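# Observations on chain architecture
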Amino acid sequence: MGLTAGIVGLPNVGKSTLFNAITKKSILAANYPFATIDPNVGVVTVPDQRLDKLQEMYHPERLIPTAYEFTDIAGLVKGASQGEGLGNKFLSHIRETDAIVEVVRCFENSDIIHVEGEVDPIRDIEIINLELILADLESIGNRIEKISKKLRASKDKEDKIELDALEKAKSALEQNQALRSVDFTEEEKLAIKSYNFLTIKPIIYMANINEEEVSTEDNDHVKKVKEYAKKEDSKVIKVCAKIEEELSQLEENDKKDMLEALGIEMSGLDQLIQATYDLLGLSTYFTVGKDEVRAWTYKKGMNAKQCAGIIHTDFEKGFIRAEVISYQDLMDCGSELKVKEAGKFRLEGKDYLMQDGDICHFRFNV
C-alpha cells in the first residue's frame, strides 16, 4: 500500500545504526552530524507466524510477507525550520511518511559526540518537536487570510470547515501542541488532509540504550521519555541499536539463541515493526495457493471491494464477491475442504468489512 515510517532524531543518537538493523543494508553510520544526507529507504517485512503455518500447509512456490518502507532521514538540528543544518530538505522528507519513529539517545558514552553537548532526551525531543511545529505554522502561513477572503465572497461550506480547522490548528501550534493531539472532526481532518502536516502524524519514541542495559530496569533517561510520551498518548520502545544490528546479521535460530542469552523475548526491531503497523491502523489478509502464499496490508475499516483493489484495480472495478475463510478456522479444521464441510466457508459482498487474518479469493469480471 506504499506506507512509510520515517526514522528521525538529532545527529548521533543511533538512527543510522537502527536503520542498518531494520533493513540489513549497510549505509553510512559515522560519528559526526549529517552522515546521512539523502534519505535511505528500506523495505521492511512484518513478522507474522501465520505465514509460516500457511507455508507448511500449501507448500507454495513463493512466500511473500506484507511489507512497508522505513526511511532513514538525515539528523535534525535546532533551527531546521529556518534552514539550519539540512533544514527544509529534512522536513520535506518527513512530509512524505505516514508515521514518525523518533530515536532518542538514552545512553551515556563519552566517545560519541552529542550535538547539544550532553545527553538530555527530553530536550532532544522538544528540539525536534518544536521544529516540526514551526514548520507546520509556516505551512499554514497566509492560507487563513486567503480562505477568509474567499469565504466572505462565496459563503462556501467547505471553505468554512477548512478555515475553522486551520484556525484550530494554528491556535494549538502556537501553544506548542502537536496536531496529533488536537480533537479535529472528521470533516476538519478531511479539509486539512492535503496540507500533510508534520505534527499530525502518529509518533513512536525509540529509547536507544547501552548494551548492558537491555535486560535491566529502565534507566533515568528512559523513564523521562516514557513520562513525556504518556502525556501525549504515544508509545515508547526501549532498544539497543547496536545489539539490533548484530541480531539482524544472524540466522533465525542463532537470533533466538542470542535473544534468550540476553533475556529478551522479542527484539526491539520486531516490537518497532509491529508497533508501527498497529500505529498506522493496519491489518493483514492472505491469499493462498500452490503458486503463492501472500500477506496483504490494508487499513482497518476497509471493505472487501476496497481490499480487492489492493491486489489490482480491475479486482475492485469488477468485484463480484469474496470467498472468505478465517485463518483460525483453517488451522482448527486442517484444510479448506474441512472448513467447507464445517459450514465455515463464507461468500461475502462488497460491503463486508475485512477482518485481520481473513484468507480470501476474489471473484471479479471486467
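Residues numbered from 1 in each chain as written. Predicted model: local features only at pLDDT ≥ 70, side-chain atom pairs only at ≥ 80, totals over all residues. Heavy atoms only, no water.

## A closer look at the overall build of the chain
To keep things clear, this is the line we draw: Elements are defined by DSSP. Helices are runs of H or I of four residues or more, strands are runs of E of two residues or more, and each kind is numbered from the N terminus. We call a residue buried when its accessible area falls under 20% of the maximum for its residue type, exposed when it is over 50%, and partly exposed in between, using a 1.4 Å probe and counting protein chains only. Throughout, a residue-residue contact means that at least one pair of heavy atoms, one from each residue, lies within 4.5 Å. To be clear on the numbers: accessible area is Shrake-Rupley with a 1.4 Å probe, and residue cover counts the displayed protein chains and nothing else.
Each helix and strand in the chain was counted, giving 15 helices and 12 strands. The burial tally for the chain puts 49% of its 366 residues in the buried class. Considering only contacts within the chain whose residues lie at least 6 apart along the sequence, 69% involve residues at least 24 apart. Accessible surface, the chain: about 18500 Å² in total, of which carbon and sulfur atoms supply 46%.

## Concerning the side chain of Glu348
Let me state the cut-off plainly: Under the rule applied, a polar contact is a pair of N or O atoms within 3.5 Å (in protein, one hydrogen donor and one hydrogen acceptor; residues adjacent in sequence only if both atoms are side-chain atoms).
Topologically, Glu348 is positioned in strand β11 (residues 346–348). At a separation of 2.9 Å, a polar atom in the side chain of Glu348 contacts the side chain of Arg346. Setting aside residues no more than four positions away along its own chain, Glu348 makes contact with Phe319, Arg321, Ala322 and Val324.

## Examining the nonpolar core
The test is simple: Here, nonpolar core refers to any group of buried Ala, Val, Leu, Ile, Met, Phe, Trp, Tyr and Cys residues whose side-chain atoms link them within 4.5 Å.
If you look at the biggest cluster of nonpolar residues, it comprises 55 residues, and the most contacted ones within it are Leu18, Ile22, Tyr68, Phe70, Tyr205, Met206 and Leu272. Considering every element that reaches this core, the biggest residue donor is helix α4 (residues 121–140), with 6 residues. Those residues within four positions of Tyr68 in sequence are excluded, and the remaining contacts are Leu3, Ala5, Gly42, Val43, Val44, Val46, Ile273, Thr276 and Tyr277. Ile133, Ile144, Ala169 and Ile192 belong to the second-largest nonpolar core, a separate cluster that totals 17 residues.

## Focus: the confidence of the model for the chain
Close inspection of predicted coordinates is inappropriate for parts of the model with low pLDDT. Counted only if it meets this: Residue-level confidence of the predictor is summarised by pLDDT, bounded by 0 at the bottom and 100 at the top.
Confidence in the prediction for the chain averages 86 pLDDT; 89% of positions are at 70 or higher. Counting contacts from residues 25–37, a segment whose pLDDT is below 50, to residues more than four positions away or on other chains yields 36 contacts. Here residues 84–88 scores under 50 on pLDDT; set against residues more than four positions off or in separate chains, the count is 12 contacts.

## Regarding the pairing of strand β9 (residues 292–299)
Filter applied, for reference: DSSP-based pairing: two strands are paired if at least 2 bridges between them are found.
With 6 of 8 residues buried, β9 lies mostly within the body of the structure. In this structure, strand β3 (residues 62–64) lies alongside β9, joined through 3 bridges in parallel fashion. Each residue of the ladder has a partner; that of Arg62, found in β9, is Glu292. The loop that links strand β8 (residues 282–287) with its antiparallel partner β9 comprises 4 residues.

## Things to note about a negative patch on the surface
Formally: In this scheme, patches are assembled from residues that exceed 30% relative accessible area and form no salt bridge. Like charges are connected within 9 Å, while nonpolar side chains (Val, Leu, Ile, Met, Phe, Trp, Tyr) are connected within 5 Å. A carboxyl oxygen of Asp or Glu within 4 Å of a side-chain nitrogen of Lys or Arg is what we treat as a salt bridge. The sign given to each residue is positive for Lys and Arg and negative for Asp and Glu; His and the chain ends receive no count. By convention, charge coordinates are those of NZ in Lys, CZ in Arg, CG in Asp, or CD in Glu.
On the surface, Asp52, Glu56, Glu251, Glu252, Asp254, Asp257 and Glu260 cluster together to form a negatively charged patch. Where the negative patch is concerned, the elements lending two or more residues are α2 (49–58) and α10 (252–262). In terms of residue count, α10 provides more of the negative patch than any other element does, 4 residues in total. With respect to the element layout, Asp52 can be found in helix α2. We classify Asp52 as partly exposed; its relative accessible area is 41%.

## With respect to the packing of helix α1 (residues 15–23) against helix α9 (residues 241–248)
Under the convention used in this document: For helices, the axis comes from a line fit to the C-alpha atoms of the stretch in contact; other axes are also lines fit to C-alpha atoms, and the angle between any two N-to-C directions lies between 0 and 180 degrees. The scheme is simple: roughly parallel for angles under 35 degrees, roughly antiparallel for over 145, roughly perpendicular for 65 to 115, oblique for anything else. Note on convention: near helix rotated counterclockwise from far helix by under a right angle means a left-handed crossing. Clockwise means right-handed. When residues are grouped by polarity, Ala, Val, Leu, Ile, Met, Phe, Trp, Tyr, Cys and Pro land in nonpolar, Asp, Glu, Lys and Arg in charged, and all others, Gly among them, in polar.
At their nearest, the axes of α1 and α9 sit 8 Å apart, and the two run at 25 degrees to each other. Relative to α9, α1 is oriented roughly parallel. Between α1 and α9 lies a crossing of left-handed hand. Counting all contacts with α1, which are made through Thr17, Leu18, Asn20 and Ala21, the residues of α9 involved are Ala241, Lys242, Glu244, Glu245 and Ser248. Here the residues of the contact of α1 with α9 sort into 3 nonpolar, 3 polar and 3 charged.

## What about the sheet that holds strand β1 (residues 4–8)?
Pairing is mixed in the open sheet, where 6 strands are placed in the order β2-β4-β1-β5-β6-β7. In this open sheet, the two edge strands, each paired with only one partner strand, are β2 (40–45) and β7 (235–239). With direction set aside, neighbouring strand axes in the sheet form an average angle of 25 degrees. Bridging between β2 and strand β4 (residues 67–72) involves 6 bridges; their strand directions are antiparallel. Following the sheet pairing, Val41 is matched in β4 by Thr71.

## A word on the pattern of salt bridges
In the structure shown here, the tally under the stated rule is 22 salt bridges. The shortest N-O distance in the salt bridge between Arg180 and Glu232 comes to 3.8 Å. Here the residue Arg180 occupies a position in the loop between α6 (157–174) and α7 (186–192), and Glu232 occupies one in the loop between α8 (220–231) and β7, the gap between them amounting to 52 residues. Two residues, Lys238 and Asp218, come together in a salt bridge whose shortest N-O distance is 3.0 Å. One end of the pair, Lys238, is in strand β7; the other, Asp218, is in the loop between β6 (203–208) and α8, and 20 residues separate them in sequence. One continuous salt-bridge network, built from bridges that share partners, spans Asp48, Arg50 and Asp356.

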